[in-house]
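Residue strings, one per chain:
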Amino acid sequence: MKTTIVLALLLLGAVTCSHAQSKSEAGKKKVSKMIGGLPVGTKAPALKVEEWLSEIPDMKGKFVALDFWGTHCGPCISGFAHVNELHRRYKDKIAFIASTTNEAPEDVYVFEKAPIEFYSMMQKAKAWNDDYKIVGIPHMIIVDPKGIVRFSGNGHDVTDEMLQDLFEKYGR
């Protein structure tokens, strides 16, 4: 019995640690630890859009932020308000795109839990898994105008300061 309790506590500790948060160097803001996604500094693959659910964004000379999400992902949906705000402030410099897959298009078309004010598309699962290495959502990848990944993590962690820094360092 004691062994079972100890093993259960160890398992609980391991699960808790895998979801733990670490502090970033800039501003000591807590940043979510993410599993998967393309590493920062790598070349991003070309977008493989199955279907645009919004107008097609002008991405020429801009950063692109792919916000990977699903209709049944509470943290994804709760992040839309934050991304909507970033989109309103920076739409001239960065195209925020909600990217979903493994969803029935009709479920996405009638999705009303939270408004998505930025761009939206459907991608094939192969693009998520093989190209972008997404293994869990929510996940955001920010690509600079030259096609290099500059952020790979939780979109909740994207701040004004972070974006300003990226624009300054990697903008054209």
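First, a word on what this report is: a plain description of the structure on this page. (Residues numbered from 1 in each chain as written. Predicted model: local features only at pLDDT ≥ 70, side-chain atom pairs only at ≥ 80, totals over all residues. Heavy atoms only, no water.)

Focus on the packing of aromatic side chains
For the record, the criterion: Here a Phe, Tyr or Trp ring, Trp counted by its six-membered ring, pairs with any other such ring whose centre lies within 6.5 Å, and the pair is stacked when the planes are under 30 degrees apart, edge-to-face when over 60, and tilted otherwise. Secondary structure counts use DSSP, requiring at least four H or I residues in a row for a helix and at least two E residues in a row for a strand, with both numbered from the N terminus. The buried label goes to any residue with under 20% of its type's maximum accessible area, the exposed label to any with over 50%, and the partly exposed label to all in between, with areas taken from a 1.4 Å probe on protein chains only. Look at NZ for Lys and CZ for Arg. If either is within 6 Å of the ring centre and within 35 degrees of the ring normal, a charge sits over the ring.
Counted under the stated rule, the structure contains five aromatic pairs. On the numbers, 5.0 Å between centres and 80° between planes, the contact of Trp69 with Phe80 is edge-to-face. Highlighted residues: Trp69 in strand β4 (residues 63-69) and Phe80 in helix α3 (residues 80-90), separated in sequence by 11 residues. A relative accessible area of 1% places Trp69 in the buried class. Aromatic pair Phe80 and Phe118: ring centres 6.0 Å apart, planes at 65°, arrangement edge-to-face. Taken together, the residues span a long stretch of sequence, with Phe80 in helix α3 and Phe118 in the loop between α4 (105-109) and β6 (119-123) at a distance of 38 residues. The burial state of Phe80 is the same as that of Phe118; both residues are buried. Pairwise contacts between aromatic rings join Phe63, Tyr90 and Phe167 into one cluster. Its guanidinium or amino end placed over the ring of Tyr170, Arg150 lies 3.6 Å from that ring's centre, counting from NZ or CZ.

So, the pattern of salt bridges
Which entries qualify depends on this criterion: We count a salt bridge whenever a side-chain nitrogen from Lys or Arg sits within 4 Å of a carboxyl oxygen from Asp or Glu.
Counted by the stated rule, this structure contains seven salt bridges. Among the salt bridges present, the one from Asp160 reaches Arg89, with a minimum N-O distance of 3.0 Å. Separated by 71 residues along the polypeptide, Asp160 in helix α6 (residues 160-170) and Arg89 in helix α3 bring together distant segments of the chain. Residue Asp160 is classed as partly exposed on the basis of its relative accessible area of 25%. For Asp144, the salt bridge identified is with Arg150, shortest N-O distance 2.9 Å. Its relative accessible area of 4% is what places Asp144 among the buried residues. With relative accessibility at 21%, the residue Arg150 sits in the partly exposed group. Within this structure, Glu85, Arg88, Arg89, Glu117 and Asp160 form a network of salt bridges that share partners.

As for α6
Put simply, the test is: The reported arc concerns the directions from the helix axis to the C-beta atoms and nothing else. What makes two residues a contact is simply this: any of their non-hydrogen atoms within 4.5 Å.
For α6, the complete set of buried residues consists of Leu163, Leu166 and Phe167. Burial along α6 is one-sided: seen end-on, the buried residues are contained in an arc of 100°. Opposite the packed face of α6, turned more than 90 degrees from it, sit the exposed residues Glu161, Glu168 and Lys169. Residues of α6 that are buried in the fold lie against β4, α3, β5 (94-100), β7 (139-143) and β8 (149-153).

Regarding the sheet that holds β5
As a reminder, the rule being used: Whether two strands pair comes down to DSSP finding at least two bridges between them. Whenever a helix is involved, its axis is fitted only over the stretch in contact; in every case the axis is a line through C-alpha atoms, and angles between N-to-C directions fall within 0 to 180 degrees.
Read from one edge of the open sheet, six strands run β3-β6-β5-β4-β7-β8, paired in mixed fashion. This sheet does not close on itself; its edge strands, each paired only once, are β3 (49-52) and β8. Each strand axis lies, on average, 25° off the axis of its neighbour in the sheet, ignoring direction. Relative to β6, β3 is paired through three bridges, and the arrangement is antiparallel. Within the sheet, the bridge partner assigned to Glu51 lies in β6 and is Met122. Along the sheet, α3 makes contact with β4, β5, β6 and β7, crossing β5 at roughly 150°.

Side note on α3
Given 3.6 residues per helical turn, the α-helix brings residues three or four places apart onto the same face. When α3 is considered as a whole, its buried residues turn out to be Phe80, Val83, Asn84, Leu86, His87 and Tyr90. The arc that holds the buried residues of α3, viewed along the axis, is 165°, so those residues lie on one side.

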